[in-house]
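Below, each chain spelled out in residue letters.
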Amino acid sequence: MSVTKTDICVIGAGSGGLSVAAGAVQMGARVVLIEAGEMGGDCLNTGCVPSKALLHAACAGMDWQDAHDHVRATIAAIAPHDSVERFEGLGVRVIKGFARFTGPREVAVNGETIRARRIVIATGSRPRLPAIAGLEDVPCLTNETIFALAERPEHLLILGAGAVGLEMAEAHRRLGCEVTVLEAARAMGRDDPEAVAVVLAALRARGVRIEEDMPVVRAQGGDGRITLTTADGARITGSHLLVATGRAPAIEGLDLDKAGVEAGSGGIVVDTRLRSTNRRIHAIGDVTGGAQFTHVAGYQAGVIIRAMLFGLPAKARADHIPHALYTAPELAQVGLTEAEARARYGDGVEIARAAFSGNDRAVATGETAGFLKVMVHKGRPVGATLVGAGAGEQIALWALALSGRQKLSAIAGIVVPYPTMAEISKRAAGVYFAPRLFDNKTVKRVVRAVQTILP
Ligand SMILES: Cc1cc2nc3c(=O)[nH]c(=O)nc-3n(C[C@H](O)[C@H](O)[C@H](O)COP(=O)(O)OP(=O)(O)OC[C@H]3O[C@@H](n4cnc5c(N)ncnc54)[C@H](O)[C@@H]3O)c2cc1C
Ligand SMILES: NC(=O)c1ccc[n+]([C@@H]2O[C@H](COP(=O)([O-])OP(=O)(O)OC[C@H]3O[C@@H](n4cnc5c(N)ncnc54)[C@H](O)[C@@H]3O)[C@@H](O)[C@H]2O)c1
């Protein structure tokens, strides 16, 4: 077996692995990148990119065929950025094959041994199928197959009202499918319930049936006719079934034990510096079981590059990481939700709110559903929840505020073009300061005194 020595060996060419490889090689490290499937991983091929392309096409009123052509064209347009050719051009050695550990510093692929000073596991996640009687015998779709569906489902059943379930419900309903979402617990359970309610109301108004606290106990049927039985005995029949009940870490076949890397049911165990139980092996992205987003994998890549290349003890933060749900309206969150802020700071937290119905641009465009609420502790925002048109774009301002640990006065002090949706952020900050300024006896006394002496 031939042996190749390198500085960094990256397993998985998805959002996390590609970022590590590109950053490290351009700063002078020797990098080997191993990918078993498609370059670009989940995000490009079966996740973010096709889902956002499908949502756009559906909201723009395209038909099934045009929408799927748009999905393929979008992937094809972005693919060169993640391609073998681009990475080889940067100086990375790319190996297409399945990697497995053969020792604490060694990985084997296609009969070759890669011996590396540092190894990065960025193998991502796979759809997790729940233990429901009969499910294994029913033809079910996941994110790996739904974007390649040739024909429009007449009635799409969706298990799980998380991000995948709700975005796919939105897209397929707009493409003309009947859609039923069955959620065992609460839809978008980690997000602010008041904000989630706005999204659910909009989806329901467009005809999506969403049932929460509705565990499914049995699945039966075949191609074109699938019946789900709920715990209370109700039977719901549809033509297709999408399972969107969360993810499992992609660690099968990696032989982690040979490298002394521990994994739990959530994924590879890492410390705040994203080191596994083998200190020379880092793990980033979905495989660690934390917040599963492309921008998190990319952020974590930056953290470990600092450690691997410069020996800096960089820690990964989580308090400034935003996420967004791309339904209409969108829902976005950064930092603590109201419930989390109240649990942490008790009465020390204040909530500053503004509604899209009070935003002139939203009124002009008819997009008045939704609100912003900002959780404030000692004059600093510790979280922001946005639900409304363009929430995913607008959360960037609050991500900046939390990332820089800025005061709310920084947001109150910005000047925003009129009329824009972005005014809602300044408005919420104004709501926080208004009583301090306008209901303040000292301020009033000072103004009266100054007025008596000013010429
Ligand atoms: C439908 C859907 C929509 C999504 N939308 C968004 C969104 O809008 N925004 C967002 O931020 N996130 C979104 N996500 C989540 C996002 O796709 C993931 O968080 C992100 O792709 C994780 O990146 P990663 O590098 O950890 O893993 P991946 O991108 O999955 O990459 C892992 C790579 O490792 C390879 N691999 C696995 N095992 C091996 C091995 N042993 N040897 C070699 N290669 C291996 C795989 O083939 C894969 O290419 C979405 C996910 C889904 C399912
Ligand atoms: N816009 C985005 O950024 C975006 C979009 C899609 C996916 N993602 C990422 O992908 C990951 C996976 O998404 P997901 O939606 O599959 O997972 P999820 O964890 O977000 O949601 C899964 C949902 O399924 C429910 N569930 C679990 N078992 C069930 C059962 N047996 N029957 C019915 N419901 C059940 C859960 O209660 C939960 O609400 C997410 O963590 C998210 O980070 C992000």
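Criteria and cut-off values
Residues numbered from 1 in each chain as written. Chains lettered and ligands numbered in written order. Predicted model: local features only at pLDDT ≥ 70, side-chain atom pairs only at ≥ 80, totals over all residues. Pairing = 2+ DSSP bridges. Helix = DSSP H or I, 4+ residues; strand = E, 2+ residues; numbered from the N terminus. Near = placed C-beta within 6 Å. Domains from an automatic or database assignment. Nonpolar A, V, L, I, M, F, W, Y, C, P; charged D, E, K, R; others polar. Axes fitted to C-alpha atoms, helices over the stretch in contact; angles between N-to-C directions. Contact = placed C-beta atoms within 7 Å. Left-handed = near helix turned anticlockwise from the far one by under 90°. UniProt positions renumbered as here; feature names shortened; annotations may be inferred. Buried ≥ 20, exposed ≤ 12 C-beta atoms within 10 Å, placed from the backbone. Expected span 1.5 Å × (residues − 1).

Caption draft 1: Region of the structure containing the pairing of strand S4 (residues 100-103). Here three bridges tie S4 to strand S5 (residues 106-109), and the two strands are oriented antiparallel to one another. When the bridges of S5 are listed, Phe101 appears paired with Val107.

Caption draft 2: Spotlight on the site of ligand 2. What surrounds ligand 2 is a group of 27 residues, the closest being Pro130, Gly160, Gly162, Ala163 and Val164. When residues of the shell around ligand 2 are traced back to their parent elements, those giving at least two are helix H6 (163-174) and strand S17 (322-325). The biggest single contributor to the shell around ligand 2 is H6, with four residues. Looking at which domains feed residues into the shell around ligand 2, each of domain 2 (135-245) and domain 3 (322-438) supplies at least three.

Caption draft 3: Structural detail: the site of ligand 1. With respect to spatial proximity, 35 residues lie near ligand 1, and among them Gly12, Gly14, Gly41, Gly124 and Gly285 are the closest. Mapped by element, the contributors of at least two residues to the shell around ligand 1 are helix H1 (15-26), strand S2 (31-35), helix H2 (41-46), helix H3 (48-59) and helix H8 (294-310). For the shell around ligand 1, the per-class residue count stands at 15 nonpolar, 16 polar and four charged.

Caption draft 4: View of the sheet that holds strand S20 (residues 371-377). In space, the five strands of this open sheet follow the order S17-S18-S21-S20-S19, with antiparallel pairing throughout. In this open sheet, the two strands that pair with only one neighbour each are S17 and strand S19 (349-355). Averaged over all pairs of adjacent strands, the angle between strand axes in this sheet comes to 15°, irrespective of strand direction. When S20 meets strand S21 (residues 380-388), the two strands line up antiparallel, connected through seven bridges. Looking at S21, one finds that Phe371 is bridged to Val387. Its contacts with the sheet put helix H9 (residues 338-345) on S19, S20 and S21, and the angle it makes with S20 is roughly 15°.

Caption draft 5: Representation of the packing of H1 against H8 within the structure. Running from amino to carboxyl end, H1 crosses H8 at an angle of 35°, the nearest separation of the two axes being 8 Å. For the pair H1 and H8, the sense of crossing is right-handed. Seen from H1, the contacting residues are Ser15, Gly16, Ser19, Val20, Gly23 and Ala24; seen from H8, they are Thr294, Ala297, Gly298, Gln300, Ala301, Gly302, Ile304, Ile305, Met308 and Leu309. When its residues are assigned to classes, the contact of H1 with H8 shows eight nonpolar, eight polar and no charged.

Caption draft 6: Summary view of the UniProt feature "domain: FAD/NAD(P)-binding" (unreviewed entry) in the chain. Mapped onto this numbering, the UniProt entry annotates "domain: FAD/NAD(P)-binding" (unreviewed entry) at residues 7-301. Helix makes up 29% of residues 7-301 and strand 25%, with an end-to-end C-alpha separation of 16 Å.

Caption draft 7: Quick peek at the environment of His81. Mapped onto the elements, His81 comes out in the loop between helix H4 (64-78) and helix H5 (84-90). Residue classification places His81 among the partly exposed positions, given that 13 C-beta atoms sit within 10 Å. In sequence terms His81 and Arg344 are 263 residues apart; their C-alpha atoms lie 42 Å from each other.

Caption draft 8: View of helix H14 (residues 441-453). Spanning 13 residues, H14 covers 19 Å between terminal C-alpha atoms, matching the ideal 18 Å at 1.5 Å per step. By the criterion of burial, H14 is predominantly exposed, with just zero of the 13 residues buried.

Caption draft 9: Geometry of the domain arrangement of the chain. The domains assigned to the chain are domain 1 (2-39 + 83-127 + 248-310), domain 2 (135-245) and domain 3 (322-438). One C-alpha centre belongs to domain 2, the other to domain 3; they are set 31 Å apart. Contact residues are listed per partner, giving 13 residues for domain 2 and 13 residues for domain 3. Only H6 and helix H7 (193-205) provide two or more residues apiece to the side of domain 2 that touches domain 3. Tallying contributions element by element places H7 first for the side of domain 2 that touches domain 3, with six residues. Counted by class, the side of domain 2 that touches domain 3 contains nine nonpolar, no polar and four charged residues.

Caption draft 10: Main features of the sheet that holds strand S12 (residues 225-230). The three strands lie next to each other as S11-S12-S13, forming an open sheet whose pairing is antiparallel. Of all the strands in the sheet, the pair left with one neighbour each is strand S11 (216-222) and strand S13 (235-238). For this sheet, the mean angle separating the axes of adjacent strands, direction not counted, is 20°. Direction of pairing for S12 relative to S13: antiparallel, over a ladder of four bridges. For Thr227, the partnering residue across the bridge sits in S13 and is Thr237.

Caption draft 11: The arrangement of H3 in detail. Helix length check: H3, at twelve residues, gives a terminal C-alpha distance of 16 Å against a target of 16 Å (1.5 Å per residue), a fit within 8%. Buried within H3 are the following residues: Val49, Pro50, Ser51, Ala53, Leu54, Leu55, Ala57 and Ala58. Those residues of H3 hidden inside the fold are in contact with H2, H4 and H6. Positive phi shows up at Gly61, right after H3, with a value of about 85°.

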